[in-house]
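# Summary of the model geometry
Below, each chain spelled out in residue letters.
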Amino acid sequence: MTISGERYTISFDPLDQQVNFEGYVRTTSLEDLSAIMDYLVDLHGRHEGTMSLNFRKLRYMNSSGLKVIASFLSFASRSSKMRIKLIGSKVIPWEEKSLASLRSLWDGVEFMVADERFYESQGIIEDEAFIPLLRNQTRLLWPREKPVLVEHGLREGMRVADICCGCGDVALLIARELKPGIVIGIDHSMPAIDHANRLQREFKVGNAEFRMGDATALMVEDEVFDFVLCRLSLQIFSRPEQILRELHRILRPGGRLYLTGEDYDLIVGCPNEAEIRNVYGKAGQYGRKIGMDLYNGRKLYGTLMGMKMKNIKVDTIDADNLGSNRPVFSEVIASWRHFSAETIGKSLAISEGERTELLAGYDAHLSTIRHPHGYTKWSVVAASGEKPK
Amino acid sequence: MISTTETAPSRGRITLRLQARDFSRDWRRYNLVANYVAEYTSYFFEHKDRAENVISSVLYELLEYMVGMSLDDSELALGLITRDGRLYFEIATSGATREGYGQHQELLADLARGDLDGLYRRMLVSESEGQGSRRSLGIAMLAHDYRAEFSTSVDRAGAVAMSASIGHDEMNP
């Protein structure tokens, strides 16, 4: 059951007993406002338990619309029949302000910022301290990933979206070197987007834009991009299907969805073979404990098949210490060492013994990189598929 | 009629002159003007998207409020300027209705009395369907949710000017 107005759609999802608001509720028409109230009251009358009002895709609501919501909350509070949960997003300021204050006015109303703690490692990944690690990884991967992107169909003039773009380095490199019409980079981390915007201004890149957004509820119209990327990100979410649904939605039929993922079994080296395997095995286990899947690279083909994508291509992006800049490779491993043993280690409160073992494992990998006869390789899986027309 | 100018040295200045009757004839113009000015002004802020959403939300309510108290043939002047860490929305009508102006004075007095939580809640749950009370709710919302500060002036010819300001921290958290 759906109602709609000039710029909004309100629909009910019976699976979650959730009312989804999309677009703009900025009407002054009493007829429209009454229709919204009647719709909510009717749903309230026909259900039990908890009802959610989800505003994550509602860009604006005027005070007249807010009054309707307030009147409904007042009605629901008086009837004491159902609990009402308001769901907003951190990236839409009016929701943070006005929905939070509505919650404080009535008992039995819960306000949840859906994207505040929507994956376990969010505090770590979205912190400014994570940016140097992202940058070093890009330094290492970009020379090898650029031809893979071309092979997977990224062409000059395309409309490209980089969802979970982090600090924007890859989006900016794509904009400058592969000349798409536009690259829109979206990430949920404010420090990362600030960084991306600073670089975009500094390098005067006219065909790139960055904005904060929630990858599970993108404020982007359907089917507007020719090429959608989501790099090294699905692995950090406990419910990647919510992001995949959005990536599919914004991709035009005939366009390509490009995903990359880690696979810690693909990090190898010699000498110190056993230490290297051991440390990434441990790191993978710790990753699982904070909701990350550091083996999701091998699953990407199946993911694209499951989405019924066509013409699926899979490649590995291989960075090794022979073909890459060794100091940069070392920097990446040093960043992982710190991230794993210090940041994740602290978050999981690992023992001193476990910490020492992790540090020793990464140190062994670093010595392999520097060893005159040493060889090591980090492979990332890249997979893409075409959305059927 | 819309004209825009940007004048140095005031950072982020945009000025519009608009006809009240255009909004009465089609309310969708509130959204259009609020979004246009918000997008224009947002480029002056580091967090552009956030600034755009906040500015549009504030301006929409101010426009609706000011048009609501205006005579149909009056002209509105609108200006935005950043000063001392605040964004000022300056909006004036060349002619207010007697009733509209009375409600305006009453609202500002209510806001000045304090207990903003109580006032806002009463307005939110009020059964009154009058246009005046609906418009006043928008201003109370700005004061409550956006910590907006207001000042107003009126001249003998019935022109009413209002200044609303919000801290830059509303846009740059």
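A brief report on the enclosed structure follows. These figures come from a predicted structure and were not determined experimentally.

### With respect to the overall build of chain A
Scanning chain A for helices and strands turns up 12 helices and 13 strands. In terms of C-alpha radius of gyration, chain A reaches 23 Å, essentially the compact-globule figure of 21 Å for 389 residues. Principal-axis analysis of the C-alpha atoms places the extent of chain A at approximately 75 × 50 × 40 Å. Counting all 389 residues of chain A, 58% fall into the buried class. Accessible surface, chain A: about 15,800 Å² in total, of which carbon and sulfur atoms supply 49%.

### Here's the deal with the sheet that holds strand β7 (residues 159-163) of chain A
Residues and elements named next belong to chain A. If you trace the seven strands from one edge of the open sheet to the other, you get β9-β8-β7-β10-β11-β13-β12, paired in mixed fashion. Unpaired on one side and paired on the other, β9 (208-212) and β12 (310-320) mark the two borders of the sheet. For this sheet, the mean angle separating the axes of adjacent strands, direction not counted, is 20°. Sheet topology note: the strand β8 (residues 182-187)/β9 ladder contains five bridges and is parallel. Within the sheet, the bridge partner assigned to Ile 184 lies in β9 and is Glu 209. Those strands touched by helix α7 (residues 190-202) are β8 and β9, and its axis lies near 160° from that of β9.

### Details of the packing of helix α11 (residues 326-348) of chain A against helix α12 (residues 352-370) of chain A
The axes of two packed helices give the description: the angle between them and the distance between them. Residues and elements named next belong to chain A. Axis separation between α11 and α12 bottoms out at 10 Å; the angle between their running directions is 175°. Taken together, α11 and α12 sit at an angle that is classed as roughly antiparallel. Every residue of α12 that contacts α11 at Arg 326, Phe 329, Ser 330, Ile 333, Ala 334, Trp 336, Arg 337, Ser 340, Ala 341 and Glu 342 is listed here: Arg 355, Leu 358, Leu 359, Tyr 362, Asp 363, His 365, Leu 366, Ile 369 and Arg 370. Its residues assigned to classes, the contact of α11 with α12 comprises 10 nonpolar, three polar and six charged.

### Structural notes on the interface of chain B and chain A
The interface of chain B with chain A comprises 34 residues on the first partner and 35 residues on the second. Buried surface at the junction of chain B and chain A, both sides included, amounts to about 3,100 Å², of which 49% is carbon and sulfur. Ranking the residues of chain B by area buried against chain A places Trp27(B), Leu124(B) and Arg134(B) at the top, with a combined share of 20%. Where chain B touches chain A, the interface holds four salt bridges. Between Arg50(B) and Glu96(A) there is a salt bridge, and its shortest N-O distance comes to 3.2 Å. One can count 19 residue pairs in polar contact (both at pLDDT 80 or more) joining chain B with chain A. Where the side of chain B that touches chain A is concerned, the elements lending two or more residues are α2 (28-42), α3 (48-69), α5 (116-125) and α6 (131-145) of chain B.

### A word on the pattern of salt bridges
All names here are of chain A. Per the stated rule, a full pass over the model turns up 34 salt bridges over all chains. Ionic pairing is found between Asp 293 and Lys 299, a salt bridge with its closest N-O pair at 2.5 Å. A relative accessible area of 43% means that Lys 299 is categorised as partly exposed. Residues participating in the shared-partner salt-bridge network are Lys 57, Asp 222, Glu 246 and Arg 249.

### Details of the packing of helix α2 (residues 63-79) of chain A against helix α3 (residues 93-103) of chain A
All names here are of chain A. Two elements in contact, α2 and α3, have axes separated by 11 Å at closest approach and are oriented at 30°. As the angle between them shows, α2 and α3 are arranged roughly parallel. Crossing of α2 over α3 shows right-handed handedness. From α2, Leu 66, Ile 69, Ala 70 and Leu 73 reach across to α3, where they touch Trp 94, Ser 98 and Leu 102.

### Examining helix α6 (residues 169-177) of chain A
All names here are of chain A. In terms of residue burial, α6 counts as a mostly covered element, since seven of its nine residues are buried. Looking at α6, one finds that the buried residues are Asp 169, Val 170, Ala 171, Leu 172, Leu 173, Ile 174 and Ala 175. Positive backbone phi, at 55°, marks Lys 179, one or two positions downstream of α6.

Here is what the cut-offs are and how they apply
Residues numbered from 1 in each chain as written. Chains lettered and ligands numbered in written order. Predicted model: local features only at pLDDT ≥ 70, side-chain atom pairs only at ≥ 80, totals over all residues. Heavy atoms only, no water. Helix = DSSP H or I, 4+ residues; strand = E, 2+ residues; numbered from the N terminus. Rg over C-alpha atoms; globule rule 2.2 N^0.38 Å. Buried < 20%, exposed > 50% of the residue type's maximum accessible area, 1.4 Å probe, protein only. Areas by Shrake-Rupley, 256 points an atom, 1.4 Å probe, with all protein chains shown as cover. Pairing = 2+ DSSP bridges. Axes fitted to C-alpha atoms, helices over the stretch in contact; angles between N-to-C directions. Contact = heavy atoms within 4.5 Å. Parallel < 35°, antiparallel > 145°, perpendicular 65-115°, else oblique. Nonpolar A, V, L, I, M, F, W, Y, C, P; charged D, E, K, R; others polar. Buried area = accessible area lost by both parts, 1.4 Å probe. Salt bridge = Lys/Arg side-chain N within 4 Å of Asp/Glu carboxyl O. Polar contact = N/O pair within 3.5 Å; in protein donor to acceptor, adjacent residues only side chain to side chain. Left-handed = near helix turned anticlockwise from the far one by under 90°.

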